[in-house]
Each structure stands twice: as C-alpha cells, then as structure tokens.
Amino acid sequence: RTTLDGQVELVAEIPGFPNGIAFGPDNRLYVAQSMMQTILVLAAKPGAVPTEFAKLPTGYPDGFCFDRDGRLYVAGSLGDVLVVFAPDGKQEQVIEMGSGTEPTNCCLGDGVLYVTLSGTGQLVTLPINAPALPLYPASR
C-alpha cells in the first residue's frame, strides 16, 4: 500500500498467484488466490495475516466484486462459471457461463452484473437486483 506521505509498504506476501483484489463491506482487503481456488481476506495494513474467506468449487478466481449487502461475485476463470458467495463466505450459487467462456472479471451497476469472457471475447450482462458496493467502502 502507499501511505499519505508516499511511502510504499508491503501488506502481505501471498503465494499461489494472487490476482484480483477488492475491499469488502467490512473495509478489509479481499484477494483472489487463483492457484488455490480461494478468496483470502485480511486487514489492509502491514503484517496482516490472510485467512480463507471462500473456496471456489470449480475454476480459478480472477476478478470479483461485492454488492452492497455483502454478497461476493467471483469470475471462475477456466471453470466457465461465476460463483456467488453469501456475506459469511458460504457458496450461494454457481452460474454456468458456457463452455469455453473463461470469465475473468465482473462488476455491478444499475441492476446489472457485467462479466468479461476472455474465451469468447465478450462482455455479457446478467440482471442482478442488487446495488454495487463502492470500490472503497470506507470512503462513503
């Protein structure tokens, strides 16, 4: 992270191909640990110890986003799925995106979940009745 005076500080070392990141509704930092099929959570400060928040049943977590109620939407690259987790990290839903689609990222806006599909080169939309969580919730 970068401090207000411009210093760069290491928050944590995460093996297993750390990938997507986002702040959750609890203002903690969430990290996709792709090779381990997990989403980790930690405080966004030096010396933080990551813990497992959720594990994908298939695919490898890439980009992800939260809705305002704390649900986590995770692109399961190479598994052709989008996985939805409840605020407590329990799996709620697996949305099949189609063979060879390779979802890589997602974001919420105006009642729509936008999903990038690297396998087909598409941006698709899914109707989701949930408002997006701001990118950095602590700033609201």
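Residues numbered from 1 in each chain as written. Predicted model: local features only at pLDDT ≥ 70, side-chain atom pairs only at ≥ 80, totals over all residues. Heavy atoms only, no water.

Overview of the sheet that holds strand 8 (residues 91-96)
Right, so step 1: Strand order in the open sheet formed by four strands is 5-6-7-8, and the pairing between neighbours is antiparallel. The open sheet has two edge strands with one neighbour each: strand 5 (60-66) and strand 8. With direction set aside, neighbouring strand axes in the sheet form an average angle of 20°.
Right, so step 2: Note that strand 7 (residues 81-85) and strand 8 share five bridges and pair antiparallel. Counted as the bridge partner of Val 83 is Val 94 from strand 8. (Pairing = 2+ DSSP bridges. Helix = DSSP H or I, 4+ residues; strand = E, 2+ residues; numbered from the N terminus. Axes fitted to C-alpha atoms, helices over the stretch in contact; angles between N-to-C directions.)

A closer look at the packing of aromatic side chains
Right, so step 1: For the structure shown, the criterion picks out three aromatic pairs.
Right, so step 2: Ring geometry for Tyr 30 and Phe 66: centres 4.9 Å apart, planes at 65°, overall edge-to-face. Taken together, the residues span a long stretch of sequence, with Tyr 30 in strand 2 (residues 29-33) and Phe 66 in strand 5 at a distance of 36 residues. One exposure class covers both Tyr 30 and Phe 66, and it is buried.
Right, so step 3: For the ring pair Phe 64 and Phe 66, a centre distance of 6.4 Å and an interplane angle of 85° mean the geometry is edge-to-face. Pair check on accessibility: Phe 64 and Phe 66 agree, each one buried.
Right, so step 4: Taken together, Tyr 30, Phe 53, Phe 64 and Phe 66 form an aromatic cluster joined through their ring pairs. (Phe/Tyr/Trp six-rings, centres within 6.5 Å; stacked < 30°, edge-to-face > 60°. Buried < 20%, exposed > 50% of the residue type's maximum accessible area, 1.4 Å probe, protein only.)

Examining the pairing of strand 6 (residues 72-77)
Right, so step 1: For strand 6, a buried count of six out of six residues is recorded, marking the element as mostly surrounded by other parts of the structure.
Right, so step 2: Residue alternation in strand 6 divides its side chains into two sets, Leu 72, Val 74 and Gly 76 and Tyr 73, Ala 75 and Ser 77, and both sets are buried.
Right, so step 3: Across five bridges, the pairing between strand 5 and strand 6 is antiparallel. Of the residues in strand 6, the one forming a bridge with Pro 61 is Gly 76.
Right, so step 4: Pairing between strand 6 and strand 7: five bridges, direction antiparallel. Pairing of Gly 76 across the sheet is with Val 81, part of strand 7.

Thoughts on unusual backbone geometry
Right, so step 1: Even without being glycine, Asn 27 reaches a positive phi, approximately 65°.
Right, so step 2: Here Asn 27 shows up in the loop between strand 1 (18-23) and strand 2.

As for the sheet that holds strand 9 (residues 103-109)
Right, so step 1: Taking strand neighbours across the sheet as the criterion, the three strands line up as 9-10-11 in an open arrangement whose pairing is antiparallel. Edge positions in the sheet fall to strand 9 and strand 11 (122-127), since each of these pairs with one other strand and no more. Along the sheet, successive strands turn relative to each other by an average axial angle of 25°, direction set aside.
Right, so step 2: Here strand 10 (residues 112-117) runs beside strand 11; their pairing, made up of six bridges, is antiparallel. Each residue of the ladder has a partner; that of Leu 117, found in strand 11, is Gln 122.

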